[in-house]
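Each chain, written out:
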Amino acid sequence: MTCVITDACVDVKDRSCVNECPVDCIYEGDRALYINPDECIDCGACEAACPSNAVLFDIDVPEGQKSFQAVAVEWVAEHAAAGGATRRGVIGIDHSLVAGLPRKAES
Ligand code: SF4
Ligand code: SF4
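Residues numbered from 1 in each chain as written. Chains lettered and ligands numbered in written order. Predicted model: local features only at pLDDT ≥ 70, side-chain atom pairs only at ≥ 80, totals over all residues. Heavy atoms only, no water.

What to know about the overall build of the protein
- Each helix and strand counted, the protein has five helices and four strands in total.
- Going from the N terminus to the C terminus, the protein shows its helices and strands as β-α-β-β-α-β-α-α-α.
- Since a compact globule built from 107 residues should have a radius of gyration of about 13 Å, the 12 Å found for the protein is in line with a globular shape.
- Each principal axis of the C-alpha distribution contributes one length, and for the protein these read about 30 × 30 × 25 Å.
- Counting over 107 residues, the protein shows a buried share of 43%.
- Pairs at least 24 apart in sequence give 69% of the contacts found in the protein among residues at least 6 apart. (Helix = DSSP H or I, 4+ residues; strand = E, 2+ residues; numbered from the N terminus. Rg over C-alpha atoms; globule rule 2.2 N^0.38 Å. Buried < 20%, exposed > 50% of the residue type's maximum accessible area, 1.4 Å probe, protein only. Contact = heavy atoms within 4.5 Å.)

Following this line, the structure appears as structure tokens:
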């Protein structure tokens, strides 16, 4: 089991989760963050810290958000050598699914 960042993070990206992750396995793209499922120890700290409820345990991911599990796997394989957002900063590239989402209106 692992945690997954879903649609609610896109264009929000406040990084509260990054500061809480004990193993630095959350990576930062341009419009969203991504958890490396191979590095995640499933502690739940990011889930508790996210003000947008964007982080879900994988067993809790609803049908309409399940594609974000594959998004994380694919994005990490392509863009995230070990290091995490605290050391690597903004990688600046998103998975094509995230990049193709309409921009959320600024409030
Ligand atoms: S569940 Fe824990 S280890 Fe996994 S990404 Fe969240 S804070 Fe990091
Ligand atoms: S705390 Fe939630 S909304 Fe903020 S960057 Fe992390 S996953 Fe995204």
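Don't stop here, the text continues.
Quick look at the pattern of salt bridges
- Evaluated as defined, the whole model comprises six salt bridges.
- Between Lys104 and Asp7 there is a salt bridge, with the nearest N and O atoms lying 4.0 Å from each other. Of this pair, Lys104 sits in the segment after helix 5 (96–99) while Asp7 sits in the loop between strand 1 (3–5) and helix 1 (16–20), placing them 97 residues apart in sequence.
- On the basis of relative accessible area, Lys104 is assigned to the partly exposed category, the value being 34%.
- Among the salt bridges present, the one from Asp24 reaches Arg87, with a minimum N-O distance of 3.1 Å. One end of the pair, Asp24, is in the loop between helix 1 and strand 2 (26–28); the other, Arg87, is in helix 4 (residues 84–88), and 63 residues separate them in sequence.
- Relative accessible area serves as the criterion here: at 10%, Asp24 is assigned to the buried category. (Salt bridge = Lys/Arg side-chain N within 4 Å of Asp/Glu carboxyl O.)

Brief notes about the site of ligand 2
- In the vicinity of ligand 2 lie 14 residues, with Cys9, Asp14, Arg15, Cys17 and Cys50 positioned nearest.
- Within the shell around ligand 2, the residues separate by chemical class into nine nonpolar, two polar and three charged. (Near = heavy atom within 4 Å. Nonpolar A, V, L, I, M, F, W, Y, C, P; charged D, E, K, R; others polar.)

Description of the site of ligand 1
- The local shell around ligand 1 holds 14 residues, among which Cys21, Cys40, Cys43, Gly44 and Cys46 are the closest.
- Residues of the shell around ligand 1, tallied by class, amount to twelve nonpolar, one polar and one charged.

Considerations on the environment of Cys46
- On the secondary structure map, Cys46 appears in helix 2 (residues 45–49).
- Assessed through its relative accessible area of 7%, Cys46 is described here as buried.
- Here Cys46 is in contact with Cys3, Cys17, Ile26, Ile35 and Val55, once residues within four sequence places are set aside.

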